[in-house]
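Residue-level structural notes
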Amino acid sequence: MLNARPDLLHGLAEADAARVLALGKKLVLGNGAELFHMGQNAESLYMILRGHIKLTLPMQVRGQEGNVLVEERTAGQTVGWSALIPPCRFTLTATATVDSEVLALSREGLRALFAAAPEIGCAVSLNLATVVGGRLQVFQAMWVREMQRLVELRCA
Amino acid sequence: MEMLLMGAVLALFGIAVSCLAFGAATRSEEDAPVAAKQPQPELAKAASAPARFFEPAPVPSPAVAAASRVPIEALLLQIENHVRLEQAAAESFMAAPDAALLHSRTMSPFVN
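Residues numbered from 1 in each chain as written. Chains lettered and ligands numbered in written order. Predicted model: local features only at pLDDT ≥ 70, side-chain atom pairs only at ≥ 80, totals over all residues.

**So, the pairing of strand β8 (residues 100–106) of chain A**
Residue and element names in this part refer to chain A.
- Looking at chain direction, strand β1 (residues 25–29) and β8 are connected through five bridges and run antiparallel. Looking at β8, one finds that L29 is bridged to S100.
- As judged from the six bridges shared by strand β3 (residues 44–50) and β8, these two strands associate in the antiparallel manner. Among the inter-strand pairings, L45 is bridged to a residue of β8, identified as L105. (Pairing = 2+ DSSP bridges. Helix = DSSP H or I, 4+ residues; strand = E, 2+ residues; numbered from the N terminus.)

Shown next as structure tokens:
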């Protein structure tokens, strides 16, 4: 179980964090179990309570399709934020790489809570923006590094 | 007589053209500029090698051949390792944004 406050609940009072957590439904995933698949409708976002989740994208390797690692997430972190961002479809596939447990927070449940308690909605949305922004910045840097290598190869 | 002379001239002209064509076709690499004989990287050599009609297809370099022998699962693991290393490099750039850190050389053996 979690020792620290999950990234989605930073800045929330205990009572407010408890209201968010009360919406959740625990899911247990065995090693190798798929949590969601790229292209599916994203109905819930997931807070990882224990274990390890791998996010992958398909890539053609020697004519065969393989799932290539994009990101790894562990306890306290959030996956599946596509549930709150239109068009609400998963753009990655999430798989447990060890026995894991996640808390599924449904989009409808979260929206209803945010409407009833806007301060919770504001805090959770800011936390979500931090998660999304962090990933964007990491990928920007990774993309520029790959482009730099490509330029060096081209100009060699 | 005129016909004979014309025939002889045409025959000589034909022989001259044949000699020129033969010379051009059989010109060896020794005639090429010295710079072309310098050892080049594998890739550049393959790209600049003239295509010969009856020559067998070029044999891939040992490195390329070795890479193509690596099982796909091992290749995916190499890619996975590369992504992890690159992510760590990107995260260290985010901690202290700096052009030198952004373009630091990768430790990943996948691209080295």
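**Notes on the interface of chain B and chain A**
- Listed by partner, the interface residues are 16 residues for chain B and 15 residues for chain A.
- At 13 residues, the largest contribution of residues to the side of chain B that touches chain A is made by helix α5 (residues 72–95) of chain B.
- Classifying every residue of the side of chain B that touches chain A gives eleven nonpolar, two polar and three charged. (Contact = placed C-beta atoms within 7 Å. Nonpolar A, V, L, I, M, F, W, Y, C, P; charged D, E, K, R; others polar.)

**Structural notes on the sheet that holds β3(A)**
- The antiparallel open sheet is built from four strands, whose spatial order is β1-β8-β3-β6 (chain A). Of all the strands in the sheet, the pair left with one neighbour each is β1 and β6 (78–79) of chain A.

**Focus on the confidence of the model for chain B**
Residue and element names in this part refer to chain B.
- Mean pLDDT over chain B: 69, with 47% of residues reaching 70 or higher.
- By mean pLDDT, the top-scoring element of chain B is α5 (90), and the lowest-scoring one is helix α2 (residues 34–37) (42).
- This model gives residues 28–49 a pLDDT under 50, and the stretch forms five contacts once residues within four places in sequence are excluded.
- Here the predicted complex carries an ipTM of 0.78, next to a pTM of 0.70. (pLDDT = per-residue confidence, 0-100.)

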